[in-house]
Amino acid sequence: MIKSYLKYLLKAGNEHAVHSPFVFDLYYRAIKPHEGRYLQLIRVEPPDTNAPTRITNHPDHISAIESLRDLLQKDQRSIEITELGAGSKVYAGNHRKVADLCKTALKPRKYAQLLARLVSYFEPKTILDLGTSLGLTTAYMAMSAKNAQVISFEGCNETAKIARENFQKLGLENIQLQVGNIDETLGSTLINLPKIDFVFVDANHRKAPTIAYFEQLLTKTHDNSVIIFDDIYWSKEMTEAWESIKSHSSVGISIDLFQFGIILFRKTQAKQHFVLRY
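Conventions and cut-offs
Residues numbered from 1 in each chain as written. Predicted model: local features only at pLDDT ≥ 70, side-chain atom pairs only at ≥ 80, totals over all residues. Heavy atoms only, no water. Helix = DSSP H or I, 4+ residues; strand = E, 2+ residues; numbered from the N terminus. Axes fitted to C-alpha atoms, helices over the stretch in contact; angles between N-to-C directions. Parallel < 35°, antiparallel > 145°, perpendicular 65-115°, else oblique. Left-handed = near helix turned anticlockwise from the far one by under 90°. Contact = heavy atoms within 4.5 Å. Nonpolar A, V, L, I, M, F, W, Y, C, P; charged D, E, K, R; others polar. 1 Å grid on protein atoms, 1.4 Å probe; cavity = no way out; pocket = protein on both sides within 12 Å on 5 of 7 lines; lining within 4 Å. Points joined across faces, edges and corners; volume = space filled by probe spheres on them. Core = buried A, V, L, I, M, F, W, Y, C linked by side-chain atoms within 4.5 Å. Buried < 20%, exposed > 50% of the residue type's maximum accessible area, 1.4 Å probe, protein only. Pairing = 2+ DSSP bridges. Arc of directions from axis to C-beta. Phe/Tyr/Trp six-rings, centres within 6.5 Å; stacked < 30°, edge-to-face > 60°. Lys NZ or Arg CZ within 6 Å of the ring centre and 35° of its normal.

*Asks:* Help me out: how do you make sense of unusual backbone geometry in this one?
*Replies:* Among all residues except glycine, the phi angle is most often negative; among peptide bonds, the trans geometry is most common. One non-glycine residue, Glu 123, lies in positive phi territory at about 50 degrees. With respect to the helices and strands, Glu 123 occurs in the loop between helix H5 (109-122) and strand S5 (126-130). Unusually for a residue other than glycine, Phe 258 sits at a positive phi of about 70 degrees. Turning to its location among the elements, Phe 258 is positioned in the loop between strand S10 (253-256) and strand S11 (260-264).

Here you go:
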């Protein structure tokens, strides 16, 4: 991971290294770190009226979700974890306290809020979340698109129960939770969807299943679909999966943010890969 991160830092550029107008706009408005960016999920006009509107984070959304994060980090309930993917690098055994699960399963607020801004930017109608865990990342996306259909997939029944509790506490009613092995539930869900707009993949963390998910998702993507893969440098297998996916003939634009790999299918410009600082 350290070696990969150092390589990333050497390659990563900012908006000045981007010659695609579309990617420049995406980076400047929704991705690029700015002081105070994590304060408000609304569109804010910059002082310079010639500059594009930036996407920032709504304070009420953040306050509610982060207060819930604080509670979960103190939750001493012990639950039985069903491991269907690569498993934890930190904990052995299947029984875990919710507080301990938070240390490895919850996406840091920096990245959870980036996902929220990306949802606000692309304004998807159908969102798939492969890997619900305790549900906070799902909540960030659902709060950013309250009129969207959000379908979240979780393999562990006990974890899913806590996620449902969290959705209820946040008053979220636009989330459908699919519990079971994603290898089975994803395909059966896709059959009933005409198309998918936005997908976050944070599930199996092994090469073959990750590529298999991508190939299944391809059957419902369109030119404006977005697929984001988490932990693309988590292991050699995940990096190999990312390299394979970004090279796929259907992919138009790929963006490496180290933690996230973003896949876009735009056919209006030549295939390009970007390594951008976040």
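*Asks:* For this particular structure, what's the right way to read the packing of helix H9 (residues 207-218) against helix H10 (residues 236-246)?
*Replies:* Two measures define how a pair of helices packs: the angle their axes make with one another and the distance between the axes. Two elements in contact, H9 and H10, have axes separated by 8 Å at closest approach and are oriented at 30 degrees. Taken together, the axis directions place H9 and H10 in an arrangement best described as roughly parallel. Note that H9 runs across H10; the crossing there is right-handed. Where H9 approaches H10, its residues Lys 207, Ala 208, Thr 210, Ile 211 and Phe 214 are matched on the opposing element by Glu 237, Met 238, Glu 240, Ala 241, Ser 244 and Ile 245. Residue composition of the contact of H9 with H10, by class: 6 nonpolar, 2 polar and 3 charged.

*Asks:* Which parts of the structure should I look at to understand empty space enclosed by the protein?
*Replies:* Regions of empty space are outlined by a rolling probe, equal in size to a water molecule, passed over the atoms. Approximately 60 Å³ is the volume attributed to the largest cavity. Lining the largest cavity we find Ala 105, Leu 106, Lys 107, Gly 131, Thr 132, Ser 133, Leu 134, Gly 135, Leu 136, Thr 137, Phe 200 and Asp 202. Looking at the lining of the largest cavity residue by residue, the class counts come to 5 nonpolar, 5 polar and 2 charged. A volume near 40 Å³ is recorded for the second largest cavity. If you go around the second largest cavity, the residues you meet are Val 201, Asp 202, Ala 203, Asn 204, His 205, Thr 210, Tyr 213, Asp 230 and Met 238. Broken down by class, the residue content of the lining of the second largest cavity amounts to 4 nonpolar, 3 polar and 2 charged.

*Asks:* Quick question: what am I supposed to make of the nonpolar core here?
*Replies:* Generally speaking, nonpolar side chains in soluble globular proteins are found buried as a group. Grouped together as the largest cluster of nonpolar side chains are 85 residues, with contacts concentrated most on Leu 128 and Ile 255. Among the elements that make up this core, the one with the highest residue count is H5 (8 residues). The residues contacting Leu 128, other than those within four sequence positions of it, are Ile 151, Phe 153, Leu 186, Leu 190, Leu 193, Ile 196, Phe 198, Val 199, Phe 200 and Leu 217.

*Asks:* It is not clear to me how the sheet that holds strand S7 (residues 175-179) should be interpreted in this structure. Could you clarify?
*Replies:* Taken together, 8 strands build an open sheet; the order of strands is S7-S6-S5-S8-S9-S11-S10-S12 and the sheet is mixed. Because the sheet does not close on itself, it has two edges, and the strands there are S7 and strand S12 (272-275). The average angle at which neighbouring strand axes cross in this sheet is 15 degrees, direction not considered. Sheet analysis places strand S6 (residues 149-154) next to S7, joined by 5 bridges and oriented parallel. Bridged to Glu 154 within S7 is Val 179. Helix H8 (residues 182-190) rests against S5, S6 and S7 of the sheet, and its axis sits at about 160 degrees to S6. Taken strand by strand, H9 contacts S5, strand S8 (198-201), strand S9 (226-230) and S11, and its axis lies near 170 degrees from that of S9.

*Asks:* It is not clear to me how H10 should be interpreted in this structure. Could you clarify?
*Replies:* What H10 keeps buried is the set Met 238, Thr 239, Ala 241, Trp 242, Ile 245 and Lys 246. Relative to the axis of H10, the buried residues are bounded by an arc of 160 degrees and lie together on one face. On the buried face of H10, the contacting elements are H9, S9, S10, S11 and S12.

*Asks:* Please explain the packing of aromatic side chains as it appears in this structure.
*Replies:* Given two aromatic rings, their pairing is described by the distance between the two centres and the angle made by the two planes. Here the structure, examined in full by the defined rule, presents 10 aromatic pairs. On the basis of an interplanar angle of 80 degrees and a centroid distance of 5.0 Å, the ring pair of Tyr 121 and Phe 122 is categorised as edge-to-face. With a relative accessible area of 12%, Tyr 121 lands in the buried category. Members of the aromatic cluster, connected to one another through ring pairs, are Tyr 5, Tyr 8, Tyr 233 and Phe 258. Over the ring of Tyr 278 we find Lys 110; its NZ or CZ atom is 4.7 Å from the centre of that ring. Between the NZ or CZ atom of Arg 266 and the centre of the ring of Phe 22, over which it lies, the distance is 3.8 Å.

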